[in-house]
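Each chain is listed here by its residues.
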Amino acid sequence: MKTCCFTGHRIIKITPELVQMLKDTIIKLIERGVTDFYNGGAIGFDMLAAETVIALKAEYSDIKLHMLLPCPPEEQVKGWNKAKIARYNKILQTANSITVLAEHYTKECMKLRNERLVELADCCVCYCTNPRSGTGQTLRMAREKGIDVINLC
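Bear in mind the structure is a predicted one, so any value in this text is a computation, not a measurement.

### Let's talk about the nonpolar core
Counting residues in each nonpolar core, the largest one holds 34 residues, and the members touching the most others are Phe6, Leu22, Ile26, Phe37, Phe45 and Val125. Among the elements that line this core, the one with the most residues is helix H2 (residues 45-56), at 7 residues. Valine 125 has contacts with Cys4, Cys5, Phe6, Thr7, Leu22, Thr25, Leu29, Phe45, Ile150 and Leu152, leaving out every residue within four places of it along the chain. Judged by nonpolar contacts, the second largest core, of 13 residues, contains Leu117, Cys128, Met141 and Ile147.

See below:
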């Protein structure tokens with residue numbers, strides 16, 4: 001197992017317990033041989049996961065953060081506040097790679113991103129409370145692929 005993707009809701013309650021649980025989960029995965037982490041760049045859980053991987057790079061220099069963006073960054077951040085855009089830009093500046101999957105935002109680009117995340121992953125770390133969401137759809141894809149799913153809810 002070498003690769004992991006993240007998926008989760010955009011609106012989550014970030015608690016110290018969640019932050020620690022995510023960090024501990026990522027460390028366990030690194031210790032099991034995961035080196036490449038794939039992230040879709042959404043606000044909420046994706047940002048938290050990306051920032052956690054970035055923080056752990058200081059301790060585990062061989063890990064990589066790969067951003068799989070559904071559309072160009074300037075389109076993905078439409079409607080975000082300045083603080084979220086600043087966090088997003090910092091993540092992109094620190095990522096090992098950035099792949100933009102569609103030339104423009106479309107209704108299908110988010111699903112395309114989620115499919116690609118699962119396609120590249122050997123396991124999936126998520127934060128899912130609603131199975132009828134895009135996150136829930138991504139989890140179903142991961143389970144259909146037969147990869148390990150770790151839900152931090």
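Okay, back to it.
### Digging into helix H4 (residues 82-94)
Between its first and last C-alpha atoms H4 spans 18 Å; for 13 residues at 1.5 Å apiece the expected length is 18 Å, and the two agree. Buried within H4 are the following residues: Tyr88, Ile91 and Leu92. Summarising the axial view, the buried residues of H4 lie within an arc of 100°, below the 170-degree limit, and thus occupy one face. Of the exposed residues in H4, those oriented more than 90 degrees away from the buried face are Lys82, Ala83, Lys90 and Gln93. Looking at the buried side of H4, the elements it contacts are H2, strand E3 (64-69), helix H3 (73-76) and strand E4 (97-100).

### Notes on the packing of aromatic side chains
Under the definition given, this model contains 4 aromatic pairs. Their ring planes at 15° and their centres at 5.8 Å tell us that phenylalanine 6 and phenylalanine 37 sit as a pair that is stacked. Note that phenylalanine 6 is positioned in strand E1 (residues 3-8) and phenylalanine 37 in strand E2 (residues 36-39), a separation of 31 residues in sequence. We classify phenylalanine 37 as buried; its relative accessible area is 0%. With a centroid separation of 6.5 Å and 65° between ring planes, the pair formed by phenylalanine 6 and phenylalanine 45 is classed as edge-to-face. Linking phenylalanine 6 in strand E1 with phenylalanine 45 in helix H2, this pair joins segments that are 39 residues apart in sequence.

The rules behind the values
Residues numbered from 1 in each chain as written. Predicted model: local features only at pLDDT ≥ 70, side-chain atom pairs only at ≥ 80, totals over all residues. Heavy atoms only, no water. Core = buried A, V, L, I, M, F, W, Y, C linked by side-chain atoms within 4.5 Å. Buried < 20%, exposed > 50% of the residue type's maximum accessible area, 1.4 Å probe, protein only. Helix = DSSP H or I, 4+ residues; strand = E, 2+ residues; numbered from the N terminus. Contact = heavy atoms within 4.5 Å. Expected span 1.5 Å × (residues − 1). Arc of directions from axis to C-beta. Phe/Tyr/Trp six-rings, centres within 6.5 Å; stacked < 30°, edge-to-face > 60°.

In short, geometric facts, not functional conclusions.
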